[in-house]
Structures are given as structure tokens and as C-alpha cells.
Amino acid sequence: MNGDCNMNFDILSLFQGIATLVGQDPTFAVARIVLMLLGISFVYLGYKGILEALIMIPMGLGMATVNASVLFFPDGKTGTIFLDPLITDPSALVNILQINWLQPIYTLSFTNGLIACLVFIGIGVLCDIGFVLARPFSSMFLALWGELGSVTVFPLAVAFGMTPQEAAATAIVGGADGPMVLFTSLMLSPHLFVPIGIVAYLYLSLCYGLYPYLIKALIPKKMQAIQMDLRGMPQITPLQKIMFSTITVTILCLLFPVAGPLFVSFFLGIVIREAGIKPYIEFVETTVLYCATFFLGLLLGVLCEAGTILNPVVLKILILGSTALMLSGVGGLIGGILLYYFSGKKYNPVIGIAGVSCVPTTAKVAQKVVFKANPRAMIMPLALGANVSGVITTAILAGIYCTLLK
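Residues numbered from 1 in each chain as written. Predicted model: local features only at pLDDT ≥ 70, side-chain atom pairs only at ≥ 80, totals over all residues. Heavy atoms only, no water.

## Considering the overall build of the chain
Counting its secondary structure elements, the chain contains 22 helices and 2 strands. Taking 2.2 N^0.38 as the reference for a compact globule, 406 residues should give roughly 22 Å; the C-alpha atoms of the chain span a radius of gyration of 23 Å, in line with that estimate. Dimensions along the principal axes, computed over C-alpha positions, put the chain at roughly 85 × 45 × 45 Å. Per-residue burial over the chain gives 52% buried out of 406 residues. Look at the contacts in the chain between residues 6 or more apart in sequence, and 74% of them connect residues 24 or more apart. Of the roughly 18,300 Å² that the chain leaves accessible, carbon and sulfur atoms contribute 71%. (Helix = DSSP H or I, 4+ residues; strand = E, 2+ residues; numbered from the N terminus. Rg over C-alpha atoms; globule rule 2.2 N^0.38 Å. Buried < 20%, exposed > 50% of the residue type's maximum accessible area, 1.4 Å probe, protein only. Contact = heavy atoms within 4.5 Å. Areas by Shrake-Rupley, 256 points an atom, 1.4 Å probe, with all protein chains shown as cover.)

Printed below as a string of C-alpha cells:
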């Protein structure tokens, strides 16, 4: 009998991931198992293209492995040697940088918002501001309606018991712009940026699956099939795009200096693209963007520890974040319906969903839904105009929140 006990003890000591499951509070153990399975599911769904592979594959793998890699420390506590998100003691940070393998990347690029800015530079290189300049009124009109969730959820979050800073960091999820969410939460509620970042990227990936049903529920098929006349779209020269971007970013930085890093990053990418600086374009849209996106997904997955997810505030963020995204989608479609009537029923209201600034996801969703209703209908240029405008309006709203509540 004693031999069996010693053998069991030795096995558990050897396989500490299993030992911590056995020795932990059952709630944490179950949460770890669920998160491991959820992480594996994200990898599968990313591979199948149901969710965004660039984010969900590294995020899912990180989520599954961090919850498997829990071990015992000499002080009797459990944890991982991946990273510690809440270190405040400089001497402790220096020590832990030598132990936790992702800590240097996290500390030097994540907690200061650098990784969000790097992603934004990459997004800027991929965006064509000419679609906005070709249809400035309709693009910005839809983008403003696409902020409905980011505005209305703020007072709702305060009513849920959040501070104004926490409420703003949660409400900005409605803008469907991951780097913006990370930046705002770091500026206003650094103690919540881990759960807010996780929730934001989980929901952004679900835009692929959620918004098509929202469109079909609110927009009749006859309206979905409207074919837009794109022949009258003006040609915008690279110089016009560069000057517009340079003047706009200067004005935005003058108005909202606190969000200056985001403004500069996004418009810098646009200017690099339009200036045709090929070495920079290739460097940013491949090395910088893919590297930043990869580590962003991996770090978000590693931050999905059971202890973080079981924080009671996460449930509030889940509810409010999903509400913000839903209301922003509804708002964008309301804007599309209004343009449909303003144009004498010639404007395809599905374009409104692209006002929610998940570039280029919501524009692709809009085109996909319209294509199913009418294979000859092309709305992508107009959808991208609304999409890029959504990035700008979300950045402005983030700047307003950070300026007023910082």
C-alpha cells in the first residue's frame, strides 16, 4: 500500500501539470481543462478559416499550453514560467526577465502599447485612404454610426459598477479595433487590460460568424442585392492621399496628443504605401505586421490563464463587450439604411456593417453577403472606404476617452 502511495507521489511530482490539476481548487482545475480544450478548438477553427488564423492559431496554442504548463514553486504556490503580467517591483522584474521566456517581449513591447502601434503601421500600409477620399461623406457617416456600441455601452458599463475609466476601456471594444482596445485599456485601466484585450480579440474573431446573421436579420434580401454604380468614383492621386494623411494626422495629434502614437502609426503606414517606398512597404507589411500579429496572438493566448478568466470582472467585460460589438454592427446598418433612403433607394445598406472598423474583416463580410444575394454586385471599394473611416473615428473616440478620463 505504501509502495503504491510512493509511486503515485513520484508520478505526480514528475508530471507537475497533472499534479497541479489534482492539487488545485476544483474550480481552477475545471477552468484550466476548459481553456485547454478551447485553445485547441481555436487552432482548429483558425486552420479551417472560420476564425482569423493570424490571431487565433498562436492565441489558441498559447491558451492551451499555458493552462497545461502550471507547476509548483518553492513557496508552495502554483504558476507558470511563461510571463507575469502584473509586476510592479523593478528588482523583481529584472529577476523574472531571466526566467520567464516571453517576459522580455511582453514587458518591452506589450505593456507599453508598442505592439499595438506596430500592428497599426502594418494596417496603414494595407489600407487605401483613396476609398475614403472618393466618398468622404458616406464613408464617415457610416463610420460614425459604427461607433454606436462604443458610445452607448459607456454609461451602461458605469451602471454595471465600473469606474468611468474601466467603462471607457470596455466600451471601446465596440469599435472592433484590437490595437485601439489594447492602447485604451493600457492608458485608462491597466489592471484590466489583460481581460479586456483577451475578450476584445475573441470577439473580433467572431465578427466573421456574427455579423452575417445580423445583416440578414436587419436587411431584406432585395436590399442586399442592390448593385452599386462605381463608375463615377474619382481617381485620387498618391500626392493627394499623402497630403491628406499628413495634414489629418497633424490635426488629430494637435487635438488629442494622448492618442498620438496610434494616429502616427496608422497614417505613417498610409504615407509609406502611397510614397511607394518599396523596401519599407515590404518590411512593414511582411516582417513588422506578421511578427507583431504573431506575438500579439501568442501573448494573448498565454495571458488566458484560469486565474485571469475566473476574475468576476471578466463576466462583465464579456457581456458589455459583446453588447458593444452588436450595437456597433446595428449602428452601422442603421447608417446604411439611412443612406439607402437618402440616395433614393440606390445605396446598398449592407455597406454599413463595414463602418465597424475591423479592417478588412467587416468589408469582406459585407461583400460576401452581397455576393450571395447578387453575384454581379461589387461593393468592396465603398466598404473599404467605410472601413478605413471606422479606424479613424475609433481612434478619435479613443483619444476623447483618454483625454477626458486619463
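## A few points about the packing of helix 7 (residues 114-126) against helix 17 (residues 260-275)
Contact pair helix 7 / helix 17: the axes reach a minimum separation of 6 Å and the direction vectors enclose 35°. Relative to helix 17, the crossing made by helix 7 is right-handed. Where helix 7 abuts helix 17, its residues C117, F120, I121, I123, G124, V125 and L126 lie against P261, L262, S265, F266, L268, G269, I270, I272 and R273. Residues belonging to the contact of helix 7 with helix 17 are distributed by class as follows: 12 nonpolar, 3 polar and 1 charged. (Axes fitted to C-alpha atoms, helices over the stretch in contact; angles between N-to-C directions. Left-handed = near helix turned anticlockwise from the far one by under 90°. Nonpolar A, V, L, I, M, F, W, Y, C, P; charged D, E, K, R; others polar.)

## Regarding the packing of aromatic side chains
Counting across every chain of the model gives 12 aromatic pairs. Their ring planes at 25° and their centres at 5.7 Å tell us that F137 and F141 sit as a pair that is stacked. Separated by 4 residues within a single helix, F137 and F141 lie in helix 9 (residues 136-145), roughly one turn from each other. On the accessibility criterion, F137 (58% relative accessible area) is exposed. Taken together, a centroid distance of 4.9 Å and an interplanar angle of 75° make the contact between Y340 and Y341 edge-to-face. In this structure an aromatic cluster arises from ring pairing among F137, F141, W145 and F342. (Phe/Tyr/Trp six-rings, centres within 6.5 Å; stacked < 30°, edge-to-face > 60°.)

## With respect to a positive patch on the surface
Together, K216, K221, K368 and K372 line one region of the surface with positive charge. With respect to the helices and strands, K372 occurs in helix 21 (residues 361-373). (Patch = residues over 30% accessible without salt bridge, like charges linked within 9 Å, V, L, I, M, F, W, Y side chains within 5 Å. Salt bridge = Lys/Arg side-chain N within 4 Å of Asp/Glu carboxyl O. Lys, Arg positive; Asp, Glu negative; His and termini not counted. Charge placed at Lys NZ, Arg CZ, Asp CG, Glu CD.)

## Structural notes on a nonpolar patch on the surface
On the surface, L239, M243, I247, I251 and L255 cluster together into a nonpolar patch covering about 490 Å² of accessible area. Residue I251 is classed as partly exposed on the basis of its relative accessible area, which comes to 45%.

## Some thoughts on the domain arrangement of the chain
Once the domains are mapped, the chain shows domain 1 (11-84) and domain 2 (102-405). The interface is formed by 22 residues belonging to domain 1 together with 26 residues belonging to domain 2. Taken together, both faces of the contact between domain 1 and domain 2 bury some 2,100 Å²; the carbon and sulfur share is 76%. Interface area lost by domain 1 to domain 2 is led by I55, M59 and L83, which between them contribute 30%. Counting across the interface, domain 1 meets domain 2 through 0 salt bridges. Inspection of the region where domain 1 meets domain 2 yields 6 residue pairs in polar contact (both at pLDDT 80 or more). Those elements that provide at least two residues to the side of domain 1 that touches domain 2 are helix 3 (26-48) and helix 4 (53-68). Here the element with the most residues in the side of domain 1 that touches domain 2 is helix 4; it accounts for 9 residues. (Domains from an automatic or database assignment. Buried area = accessible area lost by both parts, 1.4 Å probe. Polar contact = N/O pair within 3.5 Å; in protein donor to acceptor, adjacent residues only side chain to side chain.)

## Concerning the nonpolar core
One finds M59, F110, F266 and L296 to be the most contacted residues of the largest nonpolar core, which totals 114 residues. Built from parts of two domains, this core gets at least three residues from each of domain 1 (11-84) and domain 2 (102-405). (Core = buried A, V, L, I, M, F, W, Y, C linked by side-chain atoms within 4.5 Å.)

## Looking at the confidence of the model for the chain
When the pLDDT values of the chain are averaged, the result is 88; 94% of them are 70 or greater. Throughout residues 1-8 the model reports pLDDT below 50, and contacts reaching past four residues in sequence, or to other chains, amount to 0 contacts. (pLDDT = per-residue confidence, 0-100.)

## Quick word on the side chain of S139
Relative to the elements of secondary structure, S139 occurs in helix 9. If we skip the residues at most four places from it in the chain, S139 touches F131, V132, G385, A386 and S389.

## Digging into the pattern of salt bridges
Between side chains of opposite charge, a pair can form when the charged atoms approach closely. All told, the structure shown has 5 salt bridges when counted by the stated rule. With its nearest N and O atoms 3.0 Å apart, the salt bridge here joins K241 to D128. Highlighted residues: K241 in helix 16 (residues 238-255) and D128 in the loop between helix 7 and helix 8 (130-134), separated in sequence by 113 residues. In this structure, K241 and D128 share a single accessibility class: buried.

## So, unusual backbone geometry
Omega for the bond connecting V359 with P360 falls within 30 degrees of zero, at -10°, which places this linkage in the cis form. Checked against the element boundaries, P360 lands in the loop between helix 20 (312-342) and helix 21. For A176, which is not glycine, the phi torsion reads 55° and is therefore positive. Mapped onto the secondary structure, A176 falls in the loop between helix 11 (164-171) and helix 12 (178-188).

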